[in-house]
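One letter stands for each residue in the lines below.
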Amino acid sequence: MQKRSVGKSDLRVTPLCFGASGLSNMPDTYGYEVDEARARDTLRAIFDGPVNFLDTSNNYGFGRSEERIGAALRERGGLPEGFVLSTKLDRDMETGRFDAARVRRSIDESLSRLGLDHVPLLHLHDPEHARDLGEITGTGGALDELFKLKEEGIASAVGLAMGRIDVMLPILRERPFDALISHNRFTVLNRSAHEMFDYAHSRGIAILNAAPYAGGVLAKGSAQMPRITYQPATEATMKPVKAVEDICASAGIDPGALALQFSMRDPRVTSTIVGVSKAARVAQTLNWASQDIDPAVWTQLDTLPFSSEDPEADRDYKPG
Ligand SMILES: NC(=O)C1=CN([C@@H]2O[C@H](COP(=O)(O)OP(=O)(O)OC[C@H]3O[C@@H](n4cnc5c(N)ncnc54)[C@H](O)[C@@H]3O)[C@@H](O)[C@H]2O)C=CC1
Ligand SMILES: Cc1ncc2c(c1O)C(=O)OC2
């Protein structure tokens, strides 16, 4: 797979990235649990495959995702050469505190779980859920500390990873981020990130587009998964999923392939982050990424009434 630069940094990533939130036990978010052996086998498949990019966070499963990745890395004698591991700074989950001291604690916890002294890519995660946004954006706050970690060489590149675009765009404009992670806002169901992507692309900020399956429903199918963007689906929110499934059935393609390629084919998107928690999904993802799709299907997709509203995907987010 042809690699791309992460903004102006030296990092080079594949156009696919695997997301490890589901490798951690987040039953409230994904509707299932993942045990140790299944997580280990998934991570082995990822490290054995052609994708060089894996995303996790301090708070996925309250640290369990990072611990499992740490175990997989130790099995291999450390981070493979050229492999880009991405993790995130998180607020204190009990108090919502997210100041500079919390940033230090977060990265120290992550490095110790991962068994590393440095992480290639580090994001500030979900500032909209912290107790006080001013604590993050103000002088001497969490964002200043994130950039200090880059200066100190603890992270090679830094990004902003969050949901709500109305909160995100003003922060992006203020500082020289290498990357952003947006989720659930540039999919076959929702295009509310469109203008932010134009802005980021014009500034050379790498766009990492997460959750192309709207949290899983576009991969598993509406009959299998009664959730959209981590919320229980309603008839109204499931309607557009069924419309996409109908288009795919007529065209003879997998909805997962369409949903994945919708993101990957956009020239602004540097990499698309797909959540996997089964080893076989690694190969399945590569297959979906390379399936032939008749260009007429994209035109047809544009006729569907996709949403430009914020999906509020974050409303009930629980990390573990
Ligand atoms: N604020 C942030 O920074 C956020 C970051 N992310 C990152 O993006 C990643 C992807 O997002 P997700 O929430 O995982 O949503 P997603 O839209 O990528 O869907 C993942 C779900 O689809 C299922 N799935 C994947 N491939 C499948 C296949 N071939 N067949 C059947 N089922 C399949 C997975 O098991 C999982 O339940 C996360 O793991 C995380 O790393 C996601 C959301 C927010
Ligand atoms: C708000 C929110 N909801 C779901 C997820 C995340 C998130 O930040 C995340 O990072 O991975 C899954």
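Description of the structure in this document.

About the criteria used
- Residues numbered from 1 in each chain as written.
- Chains lettered and ligands numbered in written order.
- Predicted model: local features only at pLDDT ≥ 70, side-chain atom pairs only at ≥ 80, totals over all residues.
- Heavy atoms only, no water.
- Helix = DSSP H or I, 4+ residues; strand = E, 2+ residues; numbered from the N terminus.
- Rg over C-alpha atoms; globule rule 2.2 N^0.38 Å.
- Buried < 20%, exposed > 50% of the residue type's maximum accessible area, 1.4 Å probe, protein only.
- Contact = heavy atoms within 4.5 Å.
- Areas by Shrake-Rupley, 256 points an atom, 1.4 Å probe, with all protein chains shown as cover.
- Lys, Arg positive; Asp, Glu negative; His and termini not counted.
- Charge placed at Lys NZ, Arg CZ, Asp CG, Glu CD.
- Pairing = 2+ DSSP bridges.
- Axes fitted to C-alpha atoms, helices over the stretch in contact; angles between N-to-C directions.
- Near = heavy atom within 4 Å.
- Polar contact = N/O pair within 3.5 Å; in protein donor to acceptor, adjacent residues only side chain to side chain.
- 1 Å grid on protein atoms, 1.4 Å probe; cavity = no way out; pocket = protein on both sides within 12 Å on 5 of 7 lines; lining within 4 Å.
- Sits in = over half its atoms within 2 Å of the grid points.
- Nonpolar A, V, L, I, M, F, W, Y, C, P; charged D, E, K, R; others polar.
- Core = buried A, V, L, I, M, F, W, Y, C linked by side-chain atoms within 4.5 Å.
- Points joined across faces, edges and corners; volume = space filled by probe spheres on them.
- Salt bridge = Lys/Arg side-chain N within 4 Å of Asp/Glu carboxyl O.

So, on to the overall build of the protein chain. On a plain count of helices and strands, the protein chain comes out with 13 helices and 12 strands. Computed over C-alpha atoms, the radius of gyration of the protein chain comes to 18 Å, within 12% of the 20 Å expected from 2.2 N^0.38 for 320 residues, which places it in the range of a compact globule. Along the first, second and third principal axes, the C-alpha atoms of the protein chain reach 55 × 40 × 35 Å. Each of the 320 residues in the protein chain was classed as buried or not, and the buried ones make up 57%. For the protein chain, the share of sequence-separated contacts (at least 6 apart) that also reach a separation of at least 24 residues comes to 75%. Total accessible area on the protein chain is roughly 13300 Å²; 48% of this is exposed by carbon and sulfur atoms. Separation between the mean location of the 37 positive side-chain charges and that of the 45 negative ones in the protein chain comes to 2 Å.

Glancing now at the sheet that holds strand β3 (residues 16-19). Taken together, the eight strands give a closed barrel; going around it, the order is β3-β4-β5-β6-β7-β8-β9-β12, and neighbouring strands pair in parallel fashion. Ignoring which end each strand starts from, the neighbouring axes of this sheet average 25° apart. Where strand β8 (residues 179-183) lies against strand β9 (residues 206-210), five bridges are found, and the strand directions are parallel. Looking at β9, one finds that Ala179 is bridged to Ala206.

As a matter of local geometry, ligand 2 sits amid Ser21, Tyr30, Tyr60, His125, Asp126, Tyr230, Asp314 and Tyr317. A distance of 2.5 Å is found between an oxygen atom of ligand 2 and a side-chain nitrogen or oxygen belonging to Tyr60. In the environment of ligand 2, an oxygen atom lies 2.5 Å from a nitrogen or oxygen atom belonging to the side chain of Asp126. Burial of ligand 2 by the surrounding chains reaches 94%, relative to a free accessible area of 300 Å². The pocket occupied by ligand 2, as judged from atoms lying within 2 Å of grid points, is the largest pocket. Of the residues belonging to the shell around ligand 2, the class tally is four nonpolar, two polar and two charged.

Before going further, it helps to examine unusual backbone geometry. Despite not being glycine, Phe62 shows a phi value in the positive range, around 50°. For Phe62, the location among the structural elements is in the loop between β4 (53-55) and α3 (64-75). Positive phi outside glycine occurs at Ala214, with the angle close to 55°. One can find Ala214 in the loop between β9 and α9 (217-220).

Here we take up the nonpolar core. If you look at the biggest cluster of nonpolar residues, it comprises 99 residues, and the most contacted ones within it are Leu54, Leu172, Leu218 and Leu258. Not counting the four nearest positions on each side in its chain, Leu172 is found in contact with Leu160, Phe177, Leu180, Met196, Tyr199 and Ile205.

Taken as a whole and assessed by the stated rule, the structure comprises two cavities of 30 Å³ or more. One number sums up the size of the second largest cavity: a volume of about 40 Å³. What lines the second largest cavity is simply Val188, Leu189, Pro240, Val244, Leu304, Pro305 and Phe306.

Here the focus is the pattern of salt bridges. Where side chains of opposite charge bring their charged atoms close, a pairing between them can arise. A complete count under the given rule lists 20 salt bridges for this structure. One salt bridge connects Glu75 with Arg44, and the closest N-O pair in it is separated by 2.9 Å. With a gap of 31 residues between them, Glu75 in helix α3 and Arg44 in helix α2 (residues 36-48) connect regions that are remote in the sequence. When its relative accessible area of 32% is taken as the criterion, Arg44 is described as partly exposed. Residues participating in the shared-partner salt-bridge network are Glu66, Arg102, Glu109 and Arg113.

What follows is about the pairing of strand β12 (residues 269-275). Most of β12 sits out of view: six of its seven residues are buried. Taken together, the four bridges between β3 and β12 define a ladder with parallel strand orientation. Note that in β12 the partner of Gly19 across the bridge is Gly275. Here β9 pairs with β12 via four bridges, running parallel. In the sheet register, Ala210 faces β12, and the bridge partner there is Ile273.

Let us look at the layout of surface pockets. Taking a probe equal in size to a water molecule and rolling it over the atoms shows the remaining empty space. Here the largest pocket is characterised by a volume of approximately 690 Å³. As for the largest pocket, its lining consists of 39 residues, of which Ser21, Tyr30, Ala211, Tyr230 and Gly275 are closest to the centre. Of all elements in the fold, only α1 (27-30), β7 (155-162), β8, α9, β12 and α12 (280-290) reach the threshold of two or more residues within the lining of the largest pocket. Element by element, the count of residues in the lining of the largest pocket is highest for α12, at four residues. The class makeup of the residues in the lining of the largest pocket is 20 nonpolar, 13 polar and six charged. Taken as a whole, the second largest pocket encloses approximately 450 Å³ of empty space. If you trace the second largest pocket, you find 22 residues lining it, with Asn190, Ile228, Thr229, Thr237 and Pro311 closest to the centre. Those elements that provide at least two residues to the lining of the second largest pocket are β11 (231-232) and α10 (235-251).

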